[in-house]
Amino acid sequence: MDLAIPEFRSIQNPDIIPDKWYNILPDLPEELPPPKLPSGEPVKPEMFLPLFPKALIEQEFSPERYIKIPEEVKYTLASLGRPTPLFRAVRLERFLDTKAKIFYKYEGVLPTGSHKINTAVAQIFYNRVEGTERVSTETGAGQWGSALSLAGALFNIKVRVFMVKSSYHQKPYRRIMMELYGAEVIPSPSTLTESGRRILEKDPDNPGSLGIAISEAIEDVVKSDKAKYSLGSVLNHVLLHQTIIGLEAKKQLEYIGEYPDIVIGGVGGGSNFAGLAYPFMQDRLSGKTDTRFIAVEPKACPTLTRGVYEYDFGDTAGLTPMIKMYTVGHRYRVPPIHAGGLRYHGDAPTLSLLVYKGYIEARAYHQTEVFEAAKIFASTEGIIPAPESAHAVKAAIDIAREYSGDADDAPVILFNLSGHGLLDLQGYQDYLEGKLVDYEPEKIDLSYILRK
Ligand SMILES: *Cc1c(COP(=O)(O)O)cnc(C)c1O
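Residues numbered from 1 in each chain as written. Predicted model: local features only at pLDDT ≥ 70, side-chain atom pairs only at ≥ 80, totals over all residues. Heavy atoms only, no water.

J.: Could you give an account of the side chain of glutamate 219, with specific residues and numbers?
T.: By the secondary structure assignment, glutamate 219 is in helix 9 (residues 210-222). Here glutamate 219 falls in the buried class, since its relative accessible area comes to 16%. Beyond its immediate chain neighbours, meaning those up to four positions away, glutamate 219 contacts Thr193, Glu194 and Ser195. (Helix = DSSP H or I, 4+ residues; strand = E, 2+ residues; numbered from the N terminus. Buried < 20%, exposed > 50% of the residue type's maximum accessible area, 1.4 Å probe, protein only. Contact = heavy atoms within 4.5 Å.)

Here it is in structure tokens:
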């Protein structure tokens, strides 16, 4: 065994945190198709006023390349553990016998265990400034709900989370976190909203879905003028807030004289991938570099690899505006894979455009091979990855393995380890016992999307 200590420092001094977020909108290869109503009419920014604070609506459509991070947001994120570490996966490299250098940015050190707190703090801050008293949201497995609940506790804003009922009962740990942070967690469908009541009348045992929970959260805030809605991925302003990840990583790599040839991330709605990738994508779009970007998704929900780039609803019920994105259709029933954060039928509009234009490659994996990669990573690097993040681990391992022995063109690989998997041990147990199911998405019906 090679026990030589490599020349590497983990750089984490606070001045690595950037002062500004990077907004990719003005640098896109063509203008982003706007959100539309089902009638075809473009959605005007004012139409979002019942849902979001003004500052976030401005960011959603902003033409500014850099947007200042408010001091309060920067300070809060620093107090929670930013900058996050950038590690070189030396033991993994040795295990793979690769000449590639593998770096990863680790967001799991943040208190709720993933990158989602980066946007939760920013969103709650602007709500606080504009006088919102309560914020409502939906959550599946609870990563987003727990991040927003913590941010609410820090800025003294009430948080109400509609949590998919099956997760509420079967995956209680993140619900307990949310309750500890003082949030109100409601199993969805609930009797609190009309959409919930309508479903329960017909089907009292309905297990709920993210689509239903979104409908409930939106209805909840539209009925109140002191409450706003909050979303944990997909929207431009969410991806903007996450660029803090890539901006930090860029500086950290600069300190050691490195720059990535390949940037990798797992994609649900696209926020952690975009957060890491976009500051490097800026260099590629301006012709300075030819870095490759690889978005990794589950085969059970293959939006980028088997979906279409079309206008579709953001939610299952069809209440939201339509956005142009890669989609497997809002009626697609996503199989119950363990990577709950990747079970979304679409992708962020900017990410979708960049995939469509060929700037980002996409790959899909089955969950068994993803957990296998996670096991290799855990036993070499020590960190047990979230099943979502393990998709990025799998792609990084596959690519690094192509450069074994004396390959002298070996690349520098950078991937996002978006969270830890310590609350996902059930998935690991199923893997160890050989009980994981690899779902084939046989029925992707796109006809109702393409007909419009
Ligand atoms: C929510 C989540 C994801 C997926 O969401 P994105 O918006 O695509 O980043 C990935 N990893 C972790 C750890 C998550 O909690």
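J.: Kindly report on the layout of surface pockets, identifying the contributing residues and their values.
T.: For the second largest pocket, the calculated volume is near 330 Å³. Lining the second largest pocket are 16 residues, with Lys171, Leu423, Asp424, Leu425 and Gln426 sitting closest to its centre. Looking at the lining of the second largest pocket, the elements with two or more residues in it are helix 7 (172-180) and helix 16 (425-432). By residue class, the composition of the lining of the second largest pocket is six nonpolar, six polar and four charged. (1 Å grid on protein atoms, 1.4 Å probe; cavity = no way out; pocket = protein on both sides within 12 Å on 5 of 7 lines; lining within 4 Å. Points joined across faces, edges and corners; volume = space filled by probe spheres on them. Nonpolar A, V, L, I, M, F, W, Y, C, P; charged D, E, K, R; others polar.)

J.: Describe the sheet that holds strand 4 (residues 101-106), with residues and values.
T.: The strand order 3-4-14-9-10-13 describes an open sheet built from six strands, whose pairing is mixed. Strands at the two margins of the open sheet, each flanked by one partner only, are strand 3 (86-88) and strand 13 (361-365). Between one strand axis and the next, the sheet turns through 25° on average, direction left out of account. Where strand 9 (residues 262-266) and strand 10 (residues 292-298) come together, five bridges link them in parallel fashion. Across the sheet, the residue bridging to glycine 265 is alanine 295, located in strand 10. Seen against the sheet, helix 10 (residues 236-255) touches strand 3, strand 4 and strand 14 (412-417) and runs at an angle of roughly 135° to strand 4. Here helix 15 (residues 387-401) sits on the sheet and contacts strand 4, strand 9, strand 10, strand 13 and strand 14; the angle it forms with strand 14, its principal contact strand, is near 165°. (Pairing = 2+ DSSP bridges. Axes fitted to C-alpha atoms, helices over the stretch in contact; angles between N-to-C directions.)

J.: Give me the pattern of salt bridges: which residues, what numbers.
T.: Summed over all chains, the structure comprises 22 salt bridges. The residue glutamate 93 makes a salt bridge to arginine 88 at a minimum N-O spacing of 2.8 Å. Assessed through its relative accessible area of 7%, glutamate 93 is described here as buried. Arginine 88 gets classed as partly exposed once you look at its relative accessible area, which sits at 23%. Bridged by salt links that share partners, the residues Arg82, Lys105, Glu107 and Glu248 form one connected network. (Salt bridge = Lys/Arg side-chain N within 4 Å of Asp/Glu carboxyl O.)

J.: Describe the sheet that holds strand 6 (residues 158-164), naming the residues involved and giving the relevant values.
T.: Two strands in a sheet stick together by hydrogen bonds in their backbones, pointing the same way (parallel) or opposite ways (antiparallel). A sheet is described by the order of its strands in space; here four strands give the open sequence 7-6-5-8, paired in parallel fashion. Each edge of the open sheet carries a strand with a single partner, namely strand 7 (184-188) and strand 8 (227-229). Averaged over all pairs of adjacent strands, the angle between their axes in this sheet comes to 25°, without regard to strand direction. Both strand 6 and strand 7 contribute to a ladder of five bridges, which runs parallel.

J.: Lay out the packing of helix 10 against helix 11 (residues 271-285) in plain terms, naming residues and giving numbers.
T.: The contact between helix 10 and helix 11 brings their axes to 6 Å, and the two run at 60°. The angle between helix 10 and helix 11 places the two elements in the oblique class. For the pair helix 10 and helix 11, the sense of crossing is right-handed. Counting all contacts with helix 10, which are made through Val238, Leu239, Gln242, Thr243, Ile245, Gly246, Leu247, Ala249, Lys250 and Leu253, the residues of helix 11 involved are Ser271, Ala274, Gly275, Leu276, Tyr278, Pro279, Phe280 and Asp283. When grouped by side-chain class, the residues that make up the contact of helix 10 with helix 11 number 11 nonpolar, five polar and two charged. (Parallel < 35°, antiparallel > 145°, perpendicular 65-115°, else oblique. Left-handed = near helix turned anticlockwise from the far one by under 90°.)

J.: Help me get a handle on the site of the ligand, residues and values and all.
T.: Around the ligand, the structure places 18 residues, and the nearest of them are Lys116, Ser233, Gly268, Ser271 and Asn272. Glycine 268 has a polar backbone atom sitting 2.7 Å from an oxygen atom of the ligand. Protein contacts shield 97% of the accessible area of the ligand, which totals 380 Å² for the unbound molecule. Put simply, the parts of the chain that give the shell around the ligand at least two residues each are helix 11 and helix 15. Considered class by class, the residues forming the shell around the ligand number three nonpolar, 13 polar and two charged. (Near = heavy atom within 4 Å. Polar contact = N/O pair within 3.5 Å; in protein donor to acceptor, adjacent residues only side chain to side chain. Areas by Shrake-Rupley, 256 points an atom, 1.4 Å probe, with all protein chains shown as cover.)

J.: Before we move on, can you summarise the nonpolar core with the specific residues and values?
T.: Ranked by internal contacts, the top residues of the largest apolar core, which has 69 residues, are Trp21, Ile117, Tyr278 and Ile360. Broken down by element, this core gets its largest block of residues, eight residues, from helix 11. Excluding its chain neighbours within four sequence positions, the residues that come into contact with isoleucine 360 are Phe273, Met281, Phe293, Ala295, Leu351, Leu354 and Val355. Residues Leu96, Tyr106, Ala396 and Ile399 belong to the second largest nonpolar core, which totals 34 residues. (Core = buried A, V, L, I, M, F, W, Y, C linked by side-chain atoms within 4.5 Å.)

J.: Report on the packing of aromatic side chains, specifying residues and quantitative values.
T.: A full pass over the atoms with the stated rule returns 15 aromatic pairs. Judged by centre distance (6.0 Å) and plane angle (45°), the rings of phenylalanine 52 and tyrosine 229 are tilted. Here the residue phenylalanine 52 occupies a position in the loop between strand 1 (20-22) and helix 1 (54-61), and tyrosine 229 occupies one in strand 8, the gap between them amounting to 177 residues. Tyrosine 229 gets classed as buried once you look at its relative accessible area, which sits at 4%. Between phenylalanine 125 and tyrosine 126, the aromatic rings sit 5.3 Å apart at their centres with planes inclined by 70°, giving edge-to-face as the arrangement. Here phenylalanine 125 and tyrosine 126 have matching classes, each one buried. Taken together, the ring pairs connect Phe48, Phe52, Phe61 and Tyr229 into an aromatic cluster. Directly above the ring of tyrosine 168 sits arginine 175, whose terminal nitrogen or CZ lies 4.5 Å from the centroid. Over the ring of tyrosine 448 we find arginine 331, and its NZ or CZ is 4.0 Å from the ring centre. (Phe/Tyr/Trp six-rings, centres within 6.5 Å; stacked < 30°, edge-to-face > 60°. Lys NZ or Arg CZ within 6 Å of the ring centre and 35° of its normal.)

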